[in-house]
Amino acid sequence: MKSGRYIGVMSGTSLDGIDVVLAAIDERMVAQQASYSHPMPIPIKEDILAMCQGQQTTLSAVGRLDAQLGTLFGEAVMTLLKQADVPAHAITAIGCHGQTVWHEPEGEMRFSMQLGDNNRVAALTNITTVGDFRRRDMAYGGQGAPLVPAFHQALLAHPTERRMVLNIGGIANLSLLLPGIAVRGFDTGPGNMLLDTWVWRHRAQPYDKGGQWAMEGRVCLPLLQRMLADPYFVLPAPKSTGREYFNARWLDQQLATLPGISPVDVMATLVELTVTTICEQVLLAGGCERLLVCGGGARNPLLMARMSALLPGIEVASTDSFGVSGDDMEALAFAWLAFRTLSGQPGNLPSVTGARCETLLGGIYPVLPLGHR
Ligand SMILES: Nc1ncnc2c1ncn2[C@@H]1O[C@H](COP(=O)(O)OP(=O)(O)OP(=O)(O)O)[C@@H](O)[C@H]1O
Ligand SMILES: CC(=O)N[C@H]1[C@@H]2OC[C@@H](O2)[C@@H](O)[C@@H]1O[C@H](C)C(=O)O
């Protein structure tokens, strides 16, 4: 078993920053020791947004963004190490998710593309880096996502209590931790992504802090019903999605059929879309005793209150109250996945992704021991 101190690096679909965590990990525990959020430079964010919404690009632009992001992830790790006053040689490995720019989880030639050259991360930090976590699962016929349900299970499953873990990032994903049943998990659809798009367009703010603006609006039922008719929401699991599908274009297509709705009412309706699509899946799976919420959406009191209202009898709480910071959950998961890979243990769950079998995940980018350079 490759117990030790690991660093997880996650840059998610919201593009709000790079989450980096340091944790001591062994077979039985994950003890978080430090965390840091590294800023995402605006020009890089714009390049990613353009690429992952299908705008024309060139191989040169893809290659340069890959190199830029690799450097950025390496710098983010170095900043965390400096802040925490931990030397690089004390770290067993980095688990680096990379930045998803395209995710196509169906069909014979399915693929998921994460940018952020792991060679650069390893070179900058001199720490063994594990990356490219999704594509081995896809090579075995899986969706390559979501991967965090295995970590949710390891960390938060209970022998008798029916629990679900919900991440509300750009996309929302749900893990079903039901006693006696294999773990299931899937993306429910948009989390904060459409909310962020809309508030940026109308108020030039990166997100609607505290759900303040949305609280001023009224839900427009015809628009909600129209959006809920999207076929993704009734697809059976395994399923996963991303910005290449739920994006500004998708939203504009929905709005084109119902002109004249005020921006603030659209905002309130988008919150309701996120909440309804999540709650429908919770209830469809037979409900639970506790819904543990992580990701940036856990900080939006309107999202939290609406979920509590639509899920009577279910305790809806942030994972923070269970000792795991909701902001750090995904980065921690990739630190843990690196530990699994280096320990020779599978990281995927076929019951979640639909892969034919369990498998080791990721590519390993090793470094020479200290003193070699
Ligand atoms: N105080 C807050 N009030 C309202 N919304 C918030 C608040 N804090 C964060 N958010 C929302 O959470 C988002 C960031 O969430 P998170 O960091 O979990 O996303 P991500 O990890 O990039 O996404 P994904 O899980 O899809 O990869 C922000 O863009 C914003 O919409
Ligand atoms: C392809 C991709 O990057 N998917 C992300 C995204 O963000 C949330 C949701 O969509 C989830 O499927 C996944 O991330 C988490 C970390 C996962 O794999 O579990």
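What this report covers is the structure whose coordinates are included nearby. (Residues numbered from 1 in each chain as written. Chains lettered and ligands numbered in written order. Predicted model: local features only at pLDDT ≥ 70, side-chain atom pairs only at ≥ 80, totals over all residues. Heavy atoms only, no water.)

### Topic: the overall build of the protein chain
Using the following cut-off: Strands here are runs of E lasting at least two residues and helices are runs of H or I lasting at least four, both read from the DSSP assignment and numbered beginning at the N terminus. Under the scheme applied here, a residue whose accessible area is under 20% of the maximum for its type counts as buried, over 50% as exposed, and between as partly exposed, the area being computed with a 1.4 Å probe on protein chains only. Contacts are assigned to residue pairs that have any heavy atoms within 4.5 Å of one another. Here the Shrake-Rupley method, with its probe set to 1.4 Å, supplies the accessible areas, and only the displayed protein chains count as covering residues.
A count of helical and extended segments in the protein chain gives 13 helices and 12 strands. The C-alpha extent of the protein chain, read off along each of the three principal axes, is 65 × 50 × 45 Å. Residue burial in the protein chain is summarised as follows: out of 373 residues, 54% are buried. For the protein chain, contacts bridging at least 24 residues in sequence account for 69% of all contacts bridging at least 6. When the accessible surface of the protein chain is split by element, carbon and sulfur atoms take 54% of a total near 15,900 Å².

### Here's the deal with the site of ligand 1
As a reminder, the rule being used: Proximity criterion: a residue is near a molecule or strand once any of its heavy atoms comes within 4 Å of it. A 3.5 Å cut-off defines polar contacts: any pair of N or O atoms within that distance qualifies, except that in protein one atom must be a possible hydrogen donor and the other a possible acceptor, and neighbouring residues in sequence count only when both atoms are side-chain atoms. Nonpolar residues are Ala, Val, Leu, Ile, Met, Phe, Trp, Tyr, Cys and Pro. Charged residues are Asp, Glu, Lys and Arg, and all others, Gly as well, are polar. In this entry, domain limits derive from an automatic or database-based domain assignment.
As a structural note, the neighbourhood of ligand 1 is formed by 23 residues, with T13, S14, D196, G210 and G296 the closest of them. Between ligand 1 and N167, the relevant distance is 3.0 Å, taken from an oxygen atom to a side-chain nitrogen or oxygen of the residue. One of the backbone N or O atoms of G210 is found 2.8 Å from a nitrogen atom in ligand 1. For ligand 1, whose accessible area on its own is 650 Å², the fraction buried by protein is 90%. Within the shell around ligand 1, the residues separate by chemical class into five nonpolar, 12 polar and six charged. Mapped onto the domain boundaries, the shell around ligand 1 takes at least three residues apiece from domain 1 (4-145 + 328-365) and domain 2 (162-288).

### Quick word on the sheet that holds strand 8 (residues 171-177)
How we decide: A pair of strands is treated as paired once DSSP finds two or more bridges between them. Here, axes are lines fitted to C-alpha atoms. For helices the fit covers the stretch in contact, and angles between N-to-C directions go from 0 to 180 degrees.
Pairing in this open sheet of five strands is mixed, and the strands run 9-8-7-10-11 from one edge to the other. Because the sheet does not close on itself, it has two edges, and the strands there are strand 9 (184-190) and strand 11 (315-318). Going from strand to strand, the sheet's axes swing by 20 degrees on average, the running direction of each strand aside. Pairing of strand 7 (residues 163-168) with strand 10 (residues 290-294) involves five bridges; the strand directions are parallel. Opposite M164, over in strand 10, you have L291 as the bridge partner. In the packing of helix 5 (residues 148-156) onto the sheet, the strands contacted are strand 7, strand 8, strand 9 and strand 10, and the crossing angle to strand 8 comes to about 45 degrees. Along the sheet face, helix 10 (residues 263-284) touches strand 7, strand 8, strand 9 and strand 10 and points at about 160 degrees away from the line of strand 9.

### Topic: the pattern of salt bridges
Our working rule: Here a salt bridge means any side-chain nitrogen of Lys or Arg lying within 4 Å of a carboxyl oxygen belonging to Asp or Glu.
Tallied over the full model, the rule gives seven salt bridges. Of the charged contacts, one joins E161 and R163 as a salt bridge, the two residues approaching to 2.7 Å between their closest N and O atoms. In this structure E161 comes out as buried when scored by relative accessible area, which is 12%. Its salt-bridge partner being R306, residue E272 comes within 2.6 Å of it at the nearest N-O pair. Here R306 lies in helix 11 (residues 301-310) and E272 lies in helix 10, a separation of 34 residues in the sequence. Under the relative-accessibility criterion, E272 is labelled buried at 9%. One continuous salt-bridge network, built from bridges that share partners, spans E161, R163, R290 and E315.

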